[in-house]
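Listed below are the residues making up each chain.
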Amino acid sequence: MDGVAARESARPVRGDAGFDVVADVVVVGGGGAGLPVALFNRWRGNEVIVLEKAPELGGTAKKAAFWYWVPNNRPMRAAGLTDEKDDFLRYVARLSRPTRYDPDGPTLGLTEWEYAMAGAIHDSASEAAELLAERGALPYRHCPAVPDYWSELDEDNAPYGRVLVPADASESMADGGENAIRTLTAAARRDGVELRTGHRVQRVILNATRVAGVEATTADGHTHRIGARKAVVFATGGFTHDDDLRANFLGVPAYRGCAVATNEGDFVRIAGPLGAQLRNMNYAWMCPVPLERSGRADLVGMFSVSGDSMLFVDKTGRRVVNEKLPYNELAQAFFRWDPAAAEYPHLVLVQIWDQRAAEHSASDEYGRLIVPPGTDDSHVIRGETLDDLSSAIADRLAKVAATTGGLRLSPGFAETLKATVTRYNDLAAAGRDTDFHRGETPVQQLFNGPVKEEPGRENPTLWPLAPHGPYYAALVTGGTLDTKGGPRTDPDGRVLDDTGAPIPGLYGVGNCVASASAQAYWAGGATLGPIIAFAHRTALAITP
Ligand SMILES: Cc1cc2nc3c(=O)[nH]c(=O)nc-3n(C[C@H](O)[C@H](O)[C@H](O)COP(=O)(O)OP(=O)(O)OC[C@H]3O[C@@H](n4cnc5c(N)ncnc54)[C@H](O)[C@@H]3O)c2cc1C
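Residues numbered from 1 in each chain as written. Predicted model: local features only at pLDDT ≥ 70, side-chain atom pairs only at ≥ 80, totals over all residues. Heavy atoms only, no water.

**Q** Would you mind going over empty space enclosed by the protein in detail, with residue names and values included?
**A** In this approach, a probe sized like a water molecule rolls over the atoms, and the result shows the empty space that is left. Scanning the model with the defined rule gives four cavities of 30 Å³ or more in all. Empty space within the largest cavity amounts to approximately 260 Å³. Taken together, 27 residues line the largest cavity, and the ones lying closest to its centre are Ala 514, Ser 515, Ala 516, Pro 530 and Phe 534. When its residues are assigned to classes, the lining of the largest cavity shows 15 nonpolar, 10 polar and two charged. (1 Å grid on protein atoms, 1.4 Å probe; cavity = no way out; pocket = protein on both sides within 12 Å on 5 of 7 lines; lining within 4 Å. Points joined across faces, edges and corners; volume = space filled by probe spheres on them. Nonpolar A, V, L, I, M, F, W, Y, C, P; charged D, E, K, R; others polar.)

Right, here's the structure in full:
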């Protein structure tokens, strides 16, 4: 990577002298977690240095829409909406650990740790969001109409209103991350946080009692020793871009997703020799990704699959999934293992649409694949008829065979596809998808994307494909937005060792540490809302 130092050994070094510079708090990573951590610590009177590996600040958060999920937020309270902690925890527990969920249990089936971590989000997210807003670091606007991803569940007693977005985000809210990073960075500069980019932290420095600093390298080959009087806080994101960690920890063969390219699991390696306990390494925030863009720095996961005259089929030509499921759930569909055939039959699904969708559902926001004229459409496959399209899909799959284990279309794909389109068209004409229930929950309609207005239609996610071409297709698979496993912390960001005791001086916030959400993606903003809560709590723990 240009401007980024290569990885070196993560083995800690010893000594408490010879620092090039010393601050009270050293924050490693300048993205969605690092910048709030830096600000909250600065506002408690500390000297703070941020060390960012990439040539620019922002991390994955700069690419994000930056919705942030804040239970019991101030606008909800002002509007008289109730969001009690017990109810919030019930929703969280039901989704995070569905097989252990116990509505009558003292921790609802969660472990004590998970219960405490989830409770901390309810306790602190709103306070943290208000502080960031009051100080001009992250002014927000409330989104009263945005539902949780499982708003229809009985356990969700506050199904709407938990999402905030940066105040200056556009109406579609897709560009919130750029806005948030701009205002957070400006506040950090204004308030005297030292921001160093191009500094890759390689390892920690230990003194006799605690983590006392870090060594960072720059692309010019220099090693810098940065001391921390009070704490080192890691906020280095997940391990999306480390193929080895992904292959060895995730339970599924997920492709590289849309985290910033510098998120390579550095904290997993750095914290290992310190005795940190890893948790939830098998989970990620997931999203479908266009297969041919996996690994590209500009990749944006498919947060919204647009188009009504549009469907997904597998390699046999059959429809196998509700295309409008929320992204984390849709991404799971690619990884069904067929034990009889010893393969992942749905590893690649083919999105298919017609000219009507091309004209009315084109958008380059939220990772949509039906893109407007003039934008990169190298992923789009074309055919005048469904037969032509089938041959073109077969050719494209052959070209990318090295990335899929040689996945090919089954014999008879074109004929099966025609039968599938006929069936889909009958369902769409009736406005009810009795096969996969597309469009039947609020979140599926929220992420439907632009469609042609049709007076009186019941289900805006469905429309028959045209009887004539041209038709279009794209190859889709499942990827990580970023991972959510790593060293376990307590609810105040202290990294815990194998006995459950804090490792003195070492803290972590964000996707570099274990998220208690486990398999769940509770709502839009479910990464950044909790991150802001934990950033605030960590600062309070460092400087009570
Ligand atoms: C397109 C897109 C849309 C999204 N939309 C939303 C949304 O609306 N709401 C939401 O909640 N989440 C969203 N997310 C997810 C969200 O962006 C991440 O969960 C969030 O940014 C995580 O924050 P983080 O600080 O843990 O990681 P990041 O924001 O990725 O920051 C980590 C930083 O650490 C740096 N780093 C890594 N290793 C080192 C090292 N060794 N030394 C120094 N620095 C290092 C990286 O370069 C990076 O800048 C979205 C993600 C994407 C890609």
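Having seen it, we continue.
**Q** Tell me about the domain arrangement of the protein, residues and numbers included.
**A** When the domains of the protein are assigned, the result is domain 1 (1-280 + 486-544) and domain 2 (288-480). Computed from C-alpha coordinates alone, the two centres of domain 1 and domain 2 are separated by 33 Å. Contacts between domain 1 and domain 2 engage 28 residues on the former and 30 residues on the latter. Between domain 1 and domain 2 the total buried area reaches about 2,300 Å² when both faces are included, carbon and sulfur atoms providing 63% of it. On inspection of domain 1 and its partner domain 2, the count reaches zero salt bridges. Linking domain 1 with domain 2 are 15 residue pairs in polar contact (both at pLDDT 80 or more), by the criterion used here. In the side of domain 1 that touches domain 2, the residues fall into 17 nonpolar, six polar and five charged. (Domains from an automatic or database assignment. Contact = heavy atoms within 4.5 Å. Buried area = accessible area lost by both parts, 1.4 Å probe. Salt bridge = Lys/Arg side-chain N within 4 Å of Asp/Glu carboxyl O. Polar contact = N/O pair within 3.5 Å; in protein donor to acceptor, adjacent residues only side chain to side chain.)

**Q** Let's hear about the pattern of salt bridges: which residues, and what values?
**A** Two side chains bearing opposite charge may form a pair once their charged atoms approach each other closely. Evaluation of the coordinates by the stated rule reveals 44 salt bridges. Asp 123 serves as the salt-bridge partner of Lys 85, at 3.0 Å between the closest nitrogen and oxygen. Of this pair, Lys 85 sits in helix α3 (residues 85-96) while Asp 123 sits in helix α4 (residues 112-134), and the two are 38 residues apart along the sequence. The exposure class assigned to Lys 85 is partly exposed, which follows from its relative accessible area of 30%. One salt bridge in this structure joins Arg 319 and Glu 323, with 2.8 Å as the shortest N-O distance. Here Arg 319 matches Glu 323 in class, with each residue buried. The structure contains a network of salt bridges with shared partners spanning Arg 7, Lys 53, Arg 200, Asp 242, Glu 264, Asp 266 and Arg 269. (Helix = DSSP H or I, 4+ residues; strand = E, 2+ residues; numbered from the N terminus. Buried < 20%, exposed > 50% of the residue type's maximum accessible area, 1.4 Å probe, protein only.)

**Q** A description of helix α11 (residues 413-430) should follow, citing residues and the corresponding values.
**A** Between its first and last C-alpha atoms α11 spans 26 Å; for 18 residues at 1.5 Å apiece the expected length is 26 Å, and the two agree. For α11, the set of buried residues is Phe 413, Ala 414, Leu 417, Thr 420, Val 421, Tyr 424, Asn 425, Leu 427 and Ala 428. Within α11, the buried residues cover an arc of 165 degrees as seen down the axis, which keeps them to one side. In α11, the exposed positions angled more than 90 degrees off the buried face are occupied by Glu 415, Asp 426, Ala 429 and Ala 430. After α11 finishes, the residue Gly 431 shows a positive phi value of roughly 75 degrees. (Expected span 1.5 Å × (residues − 1). Arc of directions from axis to C-beta.)

**Q** Report on helix α13 (residues 528-542), specifying residues and quantitative values.
**A** Counted at 1.5 Å a residue, the expected span for α13 with its 15 residues is 21 Å, and the 21 Å between its end C-alpha atoms agrees. Of all 15 residues in α13, 14 are buried; the element is thus mostly enclosed.

**Q** Report on the site of the ligand, specifying residues and quantitative values.
**A** With respect to spatial proximity, 38 residues lie near the ligand, and among them Glu 52, Thr 60, Thr 262, Thr 527 and Leu 528 are the closest. Within the backbone of Ala 235, a nitrogen or oxygen atom sits 3.4 Å from an oxygen atom of the ligand. Out of a free accessible area of 990 Å², the ligand has 98% covered by protein chains. Mapped onto the shell around the ligand, the elements with two or more residues apiece are β8 (200-206) and α13. (Near = heavy atom within 4 Å. Areas by Shrake-Rupley, 256 points an atom, 1.4 Å probe, with all protein chains shown as cover.)

**Q** With reference to specific residues and values, describe the sheet that holds strand β5 (residues 140-142).
**A** Strand order in the open sheet formed by three strands is β4-β6-β5, and the pairing between neighbours is antiparallel. With partners counted over all chains shown, the strands left at the sheet margins are β4 (68-69) and β5, one partner each. Relative to strand β6 (residues 163-166), β4 is paired through two bridges, and the arrangement is antiparallel. Counted as the bridge partner of Trp 69 is Val 163 from β6. (Pairing = 2+ DSSP bridges.)

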